[in-house]
Amino acid sequence: MSLQNKDYESVLVVEDDATILSMIGTYLSREGFLPLLCDNGRKAKDIFLHNPPDIIILDIGLPEVDGMTLTKLFRSKSQAPIIIISARPTEDDKVYALEIGADDYLVKPFSLRELVARIRTIMKRRTLIISESETINHRKNITYQGIVLNPNLYTIVSKNQETQRLTKSEFDILYFLCLHPDQVVERDTLMREIMWYGNYLYDRTIDTHIKNLRKKIPSSIVIQTIRWVGYIISKHA
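Residues numbered from 1 in each chain as written. Predicted model: local features only at pLDDT ≥ 70, side-chain atom pairs only at ≥ 80, totals over all residues. Heavy atoms only, no water.

**Q** Whenever I open this one, the environment of Ile217 confuses me. Can you help?
**A** Following the sequence through the fold, Ile217 ends up in the loop between helix H8 (205-216) and strand S11 (221-226). Expressed as a C-alpha distance, the spacing of Ile217 and Ile156, which sit 61 residues apart in the sequence, is 8.0 Å. Apart from the residues within four sequence positions on either side, Ile217 is in contact with Ile156, Leu174 and Ile223. (Helix = DSSP H or I, 4+ residues; strand = E, 2+ residues; numbered from the N terminus. Contact = heavy atoms within 4.5 Å.)

This is the structure in structure tokens:
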């Protein structure tokens, strides 16, 4: 679906708690979105395949097909942003969700206002990406310390020609850091420029993406944390 040809962004909401599902659907409608509601994983798959949404909100503990499995499936077939909503607050759950393709992770209980703010933030990022891709001056391949970053495929290719695919957010963070090598990039800058989360000062999404990146990039490259400030990318000493 093209955002430019639609009056409303469609949001697939998958939540097995009927009260929460209804509240989210009502609030999204009031805020000008088109909610597609379902209460189990199997129905979510059917809706996704027959009426692909612009954005997806998923609970983890769903009947029939769980949210993590759906995240893998949806990401393999679509670049639609995925927000996980879950009562599980552990870092392991957040890291895993982001590793398999989720764009954001919101812990229950949360305010509907914050949920919509995050949706708008992600859609703003997506619109910007679409706009950039339609211009001549969109991002080009860059090379850093022998690895090639491809912004069209969200991949990095190492010196020995091994290809590693990254999530959209992971790639954007790495691309930004590589454009500023050996410089401290403030965490707030990444939140604002990459995640567009200028108002979420305590959000841990960036930190989780950085942890995932460290596992995926070649050992010749180091992303160092500068405590209380941000990150710096450099070659391994």
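The rest of the description comes next.
**Q** Quick question: what am I supposed to make of the side chain of Asp93 here?
**A** Its location among the elements puts Asp93 in helix H4 (residues 91-99). For Asp93, a relative accessible area of 18% gives the class buried. One polar contact links Asp93 to Thr90, side chain to side chain, over a distance of 2.7 Å. Dropping the residues within four chain positions of it, Asp93 is found in contact with Met68, Arg88 and Tyr105. (Buried < 20%, exposed > 50% of the residue type's maximum accessible area, 1.4 Å probe, protein only. Polar contact = N/O pair within 3.5 Å; in protein donor to acceptor, adjacent residues only side chain to side chain.)

**Q** How should I be thinking about the sheet that holds strand S1 (residues 10-14) in this particular structure?
**A** Backbone hydrogen bonds hold the strands of a sheet together, and the pairing may be parallel or antiparallel. Reading across from one edge, S2-S1-S3-S4-S5 is the order of the five strands in this open sheet, with parallel pairing throughout. Each having just a single partner strand, strand S2 (34-38) and strand S5 (104-107) make up the two edges of the open sheet. Between one strand and the next, the sheet's axes are offset by a mean angle of 20°, whatever the strand orientation. Two strands pair when backbone bridges link them, and strand S3 (residues 55-59) and strand S4 (residues 82-86) are joined in this way by four bridges, in the parallel orientation. Within S4, the residue paired with Ile56 across the bridge is Ile82. (Pairing = 2+ DSSP bridges. Axes fitted to C-alpha atoms, helices over the stretch in contact; angles between N-to-C directions.)

**Q** Can you help me understand the sheet that holds strand S9 (residues 163-165) in this one?
**A** Pairing is antiparallel across the open sheet formed by four strands, whose spatial order is S6-S7-S8-S9. The open sheet has two edge strands, strand S6 (142-144) and S9, and neither has a second partner. Each adjacent strand pair in this sheet contributes to an overall mean axis angle of 25°, direction not counted.

**Q** Is there a simple way to explain the pattern of salt bridges in this structure?
**A** Scanning the model with the defined rule gives 15 salt bridges in all. Here Asp103 and Arg75 are joined by a salt bridge, their closest N and O atoms 2.9 Å apart. Highlighted residues: Asp103 in the loop between H4 and S5 and Arg75 in helix H3 (residues 67-77), separated in sequence by 28 residues. The closest approach of N and O atoms between Lys215 and Glu99, which form a salt bridge, is 3.1 Å. Pair noted here: Lys215 is in helix H8 and Glu99 is in helix H4, with a separation of 116 residues, a long-range link. (Salt bridge = Lys/Arg side-chain N within 4 Å of Asp/Glu carboxyl O.)

Keep in mind that these numbers describe shape and distance, not what the molecule does.
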